[in-house]
Amino acid sequence: NAGVTQTPKFRILKIGQSMTLQCAQDMNHNYMYWYRQDPGMGLKLIYYSVGAGITDKGEVPNGYNVSRSTTEDFPLRLELAAPSQTSVYFCASSRLGPTSYNEQFFGPGTRLTVL
Amino acid sequence: ILNVEQSPQSLHVQEGDSTNFTCSFPSSNFYALHWYRWETAKSPEALFVMTLNGDEKKKGRISATLNTKEGYSYLYIKGSQPEDSATYLCAFNGGGADGLTFGKGTHLIIQP
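First, a word on scope: everything that follows refers to the structure included in this document.

Cut-offs applied
- Along every chain, residues carry numbers that run from 1 in the direction the sequence is written.
- Chain A is the first chain written and ligand 1 is the first ligand written, with later ones labelled in order.
- Thresholds applied to this predicted model are a pLDDT of at least 70 for local features of residues and 80 or more for the giving and counting of side-chain atom pairs; totals over whole chains, interfaces and linings are not thresholded and use all residues.
- Excluding hydrogens and water, the side-chain figures rest on all heavy atoms present in the structure.
- By definition, any uninterrupted DSSP run of H or I lasting at least four residues is a helix, any uninterrupted run of E lasting at least two residues is a strand, and each is numbered from the N terminus.
- C-alpha atoms define the radius of gyration in this analysis, and the globule rule sets the expected value at 2.2 Å times the number of residues to the power 0.38.
- Relative accessibility decides the category of a residue: with a 1.4 Å probe and only protein chains considered, values under 20% of the type maximum give buried, values over 50% give exposed, and everything between is partly exposed.
- We call two residues contacting when some pair of their heavy atoms lies within 4.5 Å.
- For accessible areas, the Shrake-Rupley method is used with a probe of radius 1.4 Å. Any residue's cover is judged against the shown protein chains and nothing else.
- A residue counts as positive if it is Lys or Arg and as negative if it is Asp or Glu; His and the chain ends are not included.
- All charge positions are set by atom: Lys at NZ, Arg at CZ, Asp at CG, Glu at CD.
- Only Phe, Tyr and Trp rings take part, Trp by its six-membered ring, and two of them pair if their centres are within 6.5 Å. Stacked means planes under 30 degrees apart, edge-to-face means over 60, and tilted covers everything else.
- Sitting over a ring, as applied to charges here, requires NZ of Lys or CZ of Arg to be within 6 Å of the ring centre and within 35 degrees of the ring normal.
- Note: two strands are recorded as paired if DSSP finds a minimum of 2 bridges between them.
- Simply put, an axis is a line fit to the C-alpha atoms, just over the touching stretch for a helix, and the angle between two N-to-C directions goes from 0 to 180 degrees.
- Salt bridges, as used here, are contacts in which a Lys or Arg side-chain nitrogen is within 4 Å of a carboxyl oxygen on Asp or Glu.
- Under the rule applied, a polar contact is a pair of N or O atoms within 3.5 Å (in protein, one hydrogen donor and one hydrogen acceptor; residues adjacent in sequence only if both atoms are side-chain atoms).
- Three classes are used: nonpolar for Ala, Val, Leu, Ile, Met, Phe, Trp, Tyr, Cys and Pro, charged for Asp, Glu, Lys and Arg, and polar for all others, with Gly counted as polar.

## Considering the overall build of chain B
Thought 1: What chain B contains, in helices and strands, is zero helices and eleven strands.
Thought 2: Ordering the α and β elements of chain B from the N terminus gives β-β-β-β-β-β-β-β-β-β-β.
Thought 3: Computed over the C-alpha atoms, the radius of gyration of chain B is 13 Å, within 12% of the 13 Å expected from 2.2 N^0.38 for a compact globule of 112 residues.
Thought 4: Structurally, chain B occupies a C-alpha span of about 40 × 30 × 20 Å along its principal axes.
Thought 5: Expressed as a percentage of the 112 residues in chain B, the buried residues total 47%.
Thought 6: The long-range fraction of contacts in chain B, counting pairs at least 24 apart against all pairs at least 6 apart in sequence, stands at 53%.
Thought 7: Roughly 5,500 Å² of accessible area belongs to chain B as shown, and the carbon and sulfur atoms make up 45% of that amount.

So this is what it looks like as structure tokens:
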């Protein structure tokens, strides 16, 4: 199992550009999450999904969009990138069911800089 | 927004010393408390999932305790080694679909 994979690892964007951060998991997890991590701020939830076709906003959704057309993939779209979106982005997944206690498995992260 | 606090924010410890740090969380709607270890340039890795009041979990030199009635958990590291240097995150799990609420972490540096 590859676990949770993310691409790209690094990216520099100009203000106003758009891009999609890719996330995939091969553990057949129903729940997937996108977080951003800013220095001194901890992990903030951007969007999450409880299954294919279902997404919901987290704590900091503005400026982002997601889709979940398959169980495996959960891409995060940035439209009109702004310097405030400079951050490290982590994708995570968890198995549905009480025995999993929502334990999340994380991808390696994407470091995004918007100039 | 749930309040999950970790203290201290950072900690310098001499190699061989033992140390501990705290996570405080809401004592209501508790489902589980998670500890993660996060090394620089890597992704967070799960250490413990704690669910019952009074739980104690151990993994090698690292252990954790849980008090759900007063809303805190302690993480202990015995005989710190340089490879223990990392950020330790705790996360509150209220059982909701939006998953975990993370604290800001305790950044641990082990000095040789």
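## Some points on the overall build of chain A
Thought 1: When helices and strands are counted, chain A shows zero helices and eleven strands.
Thought 2: Its helices and strands in sequence order give chain A the pattern β-β-β-β-β-β-β-β-β-β-β, from N to C terminus.
Thought 3: Taken against the 2.2 N^0.38 rule, which gives 13 Å for 115 residues, the C-alpha radius of gyration of chain A at 13 Å falls within 12% of a compact globule.
Thought 4: Its C-alpha atoms put chain A at 45 × 30 × 25 Å along the principal axes.
Thought 5: A fraction of 56% describes how many contacts in chain A between residues 6 or more apart in sequence connect residues 24 or more apart.
Thought 6: Carbon together with sulfur atoms contributes 53% to the accessible area of chain A, which is approximately 5,500 Å² in total.
Thought 7: Side chains of chain A give 10 positive and 8 negative charges; the mean places of these two sets differ by 8 Å.

## Details of unusual backbone geometry
Thought 1: The omega torsion of the bond from Thr7 of chain A to Pro8 of chain A falls at -5°, within 30 degrees of zero and hence cis.
Thought 2: By the secondary structure assignment, Pro8 of chain A is in the loop between strand S1 (4–7) and strand S2 (10–13).
Thought 3: Here the amide bond leading from Ser7 of chain B into Pro8 of chain B is cis, since omega sits at -5°, within 30 degrees of zero.
Thought 4: By the secondary structure assignment, Pro8 of chain B is in the loop between strand S1 (5–7) and strand S2 (10–14).
Thought 5: Look at Asn29 of chain B: it is not a glycine, yet its phi comes out positive at around 55°.
Thought 6: With respect to the helices and strands, Asn29 of chain B occurs in the loop between strand S3 (19–24) and strand S4 (32–38).
Thought 7: Not every positive phi belongs to a glycine, and Ala41 of chain B is a case in point at roughly 65°.
Thought 8: A relative accessible area of 78% places Ala41 of chain B in the exposed class.

## A closer look at the packing of aromatic side chains
Thought 1: One pass over the full model with this rule turns up 17 aromatic pairs over all chains.
Thought 2: An aromatic cluster is present here, built from Tyr31, Tyr33, Tyr35, Phe90 and Phe106 of chain A together with Tyr36, Trp38 and Phe102 of chain B joined pairwise through their rings.
Thought 3: Directly above the ring of Phe74 of chain A sits Arg68 of chain A, whose terminal nitrogen or CZ lies 5.9 Å from the centroid.

## Points about the sheet that holds strand S8 (residues 76–78) of chain A
All names here are of chain A.
Thought 1: Read across the sheet, four strands follow the order S1-S3-S8-S7 without closing on themselves; strand pairing throughout is antiparallel. For this open sheet the edge positions go to S1 and strand S7 (64–66), each flanked by a neighbour on one side alone. Neighbour to neighbour, the strand axes of the sheet diverge by 20° on average, direction disregarded.
Thought 2: Relative to strand S3 (residues 19–25), S1 is paired through four bridges, and the arrangement is antiparallel. Its bridge partner being in S3, Gln6 is matched across the sheet by Cys23.

## Describing the interface of chain A and chain B
Thought 1: If you look at the interface, chain A gives 21 residues, while chain B gives 22 residues.
Thought 2: Seen at the junction of chain A and chain B, the total is zero salt bridges.
Thought 3: Across the chain A-chain B interface, the total number found is two residue pairs in polar contact (both at pLDDT 80 or more).
Thought 4: Secondary-structure elements contributing two or more residues to the side of chain A that touches chain B are strand S4 (31–38) and strand S5 (42–51) of chain A.
Thought 5: Broken down by element, the residue count for the side of chain A that touches chain B peaks at five residues, all from S5 of chain A.
Thought 6: Residue composition of the side of chain A that touches chain B, by class: 13 nonpolar, six polar and two charged.

## Section: the pairing of strand S11 (residues 106–111) of chain B
Residue and element names in this part refer to chain B.
Thought 1: In S11, alternate side chains face the same way, and those of Thr106, Leu108 and Ile110 are buried while those of His107, Ile109 and Gln111 on the opposite face are not.
Thought 2: When S2 meets S11, the two strands line up parallel, connected through five bridges. Across the sheet, residue Val13 finds its bridge partner in S11, namely Ile110.

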